[in-house]
Amino acid sequence: MTAFNDESGTGDALRRALGVNRRRFLSTCTAVAAGAIAAPVLGASPALAQDRGRRHDHGHDHGRGHVLVPPGKRGIILYTVRDATARDPLASDLPSGFREVFKQLARHGYRQVEFAGYNQHANAPGGASLESVAGARLLRSWLDDYGLRAQGNHGFIPSSWPLTTADLDTFKKHLEIANILGMDHMGTGGDPTGSSYPADWDVAADKWNALGKIARREGIKLYTHNHDSAYGFLLDGGPLDAQGRPTRSSGIRKLEYFLKATDPKLVWLEMDIFWAHVAQYKFHTYTAHDGSTREKVFDPAGLVARNNKRYPLFHAKDGVVSTTNGMGYDMVPFGTGVIDYTTFFSRVGERNYHNPMVEDDNSPSATDPAQSLREAKISYDNLAALRARRR
């Protein structure tokens, strides 16, 4: 696999790295950029609609390449169906609470789930909060009943540093819950820090190395999750501002700095592929230490490929082109947008290692209570349909 040359800054370099033909690349760029940047974000449309429902779980199908996401690796973060877990089972015939949602997701074909906390409706079996040893045992029994595996949780990461006794005790409780649920990984939905300065990322790295060491003793891999700003540029040089902070960049991205500052045996990352592509759209130029403007297009798949074992989990969410929201994309169900997941998963490889979790923040609907679970089925079918391209 050829590494992407971040320093090239040309549309052709980005097009080649993403595996997109020139005509489609140029048409997509025109739709998104509206003159804003020459080589923005987008890969080719996955065009998976024709493959929905065609499952070839043995690894190959006729005329196409191998399955890019094996059946046992197809997951969903429960935040996508948070309205269903929070639904009152006494007021609806739709799946409600963790147990019924697990049953429905298993029917869709999912084999993994990532939690986003352990709360549900109070009238669901087990009550409102299952954030306890007893609650974890109940959740584990339901997961086992429906052939599902818990693979992670966006849960408790202590805010204190150095750690308070209360935070340390709560963190250890969450590790115990993770082990009862059978998780290999436990993490968070936020960035290690919102800062743009190396000193703050050094502190975050020290904290995460310490937390990772505690998690490792319990057999758990600790991971952090990104939004777009975490793949923005670090301010690490040039003139200082009134507070003595640097104002310009060497072109190093914040989470790339974090990767190098943390111990690969203690700290892992979950790439949110949607937000990484938003970062590609937003953060493509920086002001160098000498004051010049330089272009450096972010290549999410290239970063993963260079650090493959550091990325055991992905958030697999899709987007359609937006020229108005400042992000380049509007979020849509997986496989119905334009992010080229065939190329992404082909480039990162290690298909039996990575755990893609489908996510769509917008799936719950105030007017269509069945929408989130219906779209979870659409997303599953599109994830299952991904095949490597024949060469």
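Structure report, in brief. What you see is a predicted model; the values in this text were computed from it and never measured.

**Observations concerning the pairing of strand 6 (residues 237–240)**
Within a regular strand, side chains alternate between the sheet's two faces. Where strand 6 and strand 7 (residues 246–248) come together, two bridges link them in antiparallel fashion. Of the residues in strand 7, the one forming a bridge with glycine 237 is arginine 248. With antiparallel pairing between neighbouring strands as the criterion, strand 6 and strand 7 make up a hairpin whose turn holds five residues, including glycine 244 at a positive phi of roughly 80 degrees.

**Some thoughts on the pairing of strand 11 (residues 313–316)**
Alternating residues of strand 11 divide into Leu313 and His315 and Phe314 and Ala316, and every residue in both groups is buried. Direction of pairing for strand 8 (residues 267–272) relative to strand 11: parallel, over a ladder of three bridges. Looking at strand 11, one finds that aspartate 272 is bridged to histidine 315. Bridge count for strand 11 against strand 14 (residues 355–358) is four bridges, and the pairing is parallel. Among the inter-strand pairings, leucine 313 is bridged to a residue of strand 14, identified as asparagine 355.

**A closer look at the packing of helix 6 (residues 165–181) against helix 7 (residues 198–217)**
In the contact formed by helix 6 and helix 7, the axes pass within 10 Å of each other and the chain directions differ by 45 degrees. Judged by the inter-axis angle, helix 6 sits oblique to helix 7. Crossing of helix 6 against helix 7: the hand is right-handed. For the pair formed by helix 6 and helix 7, the contact residues are Leu168, Phe171 and Leu175 on the first element and Leu211, Ile214 and Ala215 on the second. When its residues are assigned to classes, the contact of helix 6 with helix 7 shows six nonpolar, no polar and no charged.

**Thoughts on the environment of valine 358**
Position of valine 358 among the secondary structure elements: in strand 14. Between the C-alpha atoms of valine 358 and alanine 316, which are 42 residues apart in sequence, the distance is 4.6 Å. Residues contacting valine 358, with those up to four places away along its chain left out, are Gly75, Ile76, Ile77, Thr80, Tyr110, Ala316, Phe334, Ser379 and Leu383.

**Here we look at unusual backbone geometry**
With an omega of 0 degrees, the peptide bond between tryptophan 161 and proline 162 qualifies as cis. For glutamate 350, which is not glycine, the phi dihedral falls at a positive 50 degrees. Mapped onto the elements of the fold, glutamate 350 is located in the loop between helix 11 (341–348) and strand 14. Judged by its relative accessible area of 39%, glutamate 350 is partly exposed.

**Comments concerning the layout of surface pockets**
There is about 210 Å³ of room inside the second largest pocket. Lining the second largest pocket are twelve residues, with Ile252, Glu256, Lys260, Leu303 and Arg306 positioned closest to its centre. Looking at the lining of the second largest pocket, the elements with two or more residues in it are helix 8 (254–261) and helix 10 (300–306). Looking at which element gives the most residues to the lining of the second largest pocket, the answer is helix 8, with four residues. A per-class count over the lining of the second largest pocket returns four nonpolar, two polar and six charged.

**Remarks on the packing of helix 5 (residues 133–145) against helix 6**
Where helix 5 meets helix 6, the axes come as close as 8 Å, and the angle between the chain directions of the two elements is 25 degrees. Judged by the inter-axis angle, helix 5 sits roughly parallel to helix 6. The element helix 5 and its partner helix 6 pack so that their crossing is right-handed. Between helix 5, through Val133, Ala136, Arg137, Leu139, Arg140 and Leu143, and helix 6, the contact on the second element is made entirely by Glu176, Ile177, Asn179, Ile180 and Leu181. In the contact of helix 5 with helix 6, the residues fall into seven nonpolar, one polar and three charged.

**Remarks on empty space enclosed by the protein**
In the structure shown here, the tally under the stated rule is two cavities of 30 Å³ or more. Its volume calculated, the second largest cavity comes out at about 50 Å³. Forming the boundary of the second largest cavity are Leu68, Val69, Pro70, Phe345, Val348, Gly349, Glu350, Arg351, His354 and Pro356. A per-class count over the lining of the second largest cavity returns six nonpolar, two polar and two charged.

Criteria and cut-off values
- Residues numbered from 1 in each chain as written.
- Predicted model: local features only at pLDDT ≥ 70, side-chain atom pairs only at ≥ 80, totals over all residues.
- Heavy atoms only, no water.
- Pairing = 2+ DSSP bridges.
- Helix = DSSP H or I, 4+ residues; strand = E, 2+ residues; numbered from the N terminus.
- Buried < 20%, exposed > 50% of the residue type's maximum accessible area, 1.4 Å probe, protein only.
- Axes fitted to C-alpha atoms, helices over the stretch in contact; angles between N-to-C directions.
- Parallel < 35°, antiparallel > 145°, perpendicular 65-115°, else oblique.
- Left-handed = near helix turned anticlockwise from the far one by under 90°.
- Contact = heavy atoms within 4.5 Å.
- Nonpolar A, V, L, I, M, F, W, Y, C, P; charged D, E, K, R; others polar.
- 1 Å grid on protein atoms, 1.4 Å probe; cavity = no way out; pocket = protein on both sides within 12 Å on 5 of 7 lines; lining within 4 Å.
- Points joined across faces, edges and corners; volume = space filled by probe spheres on them.

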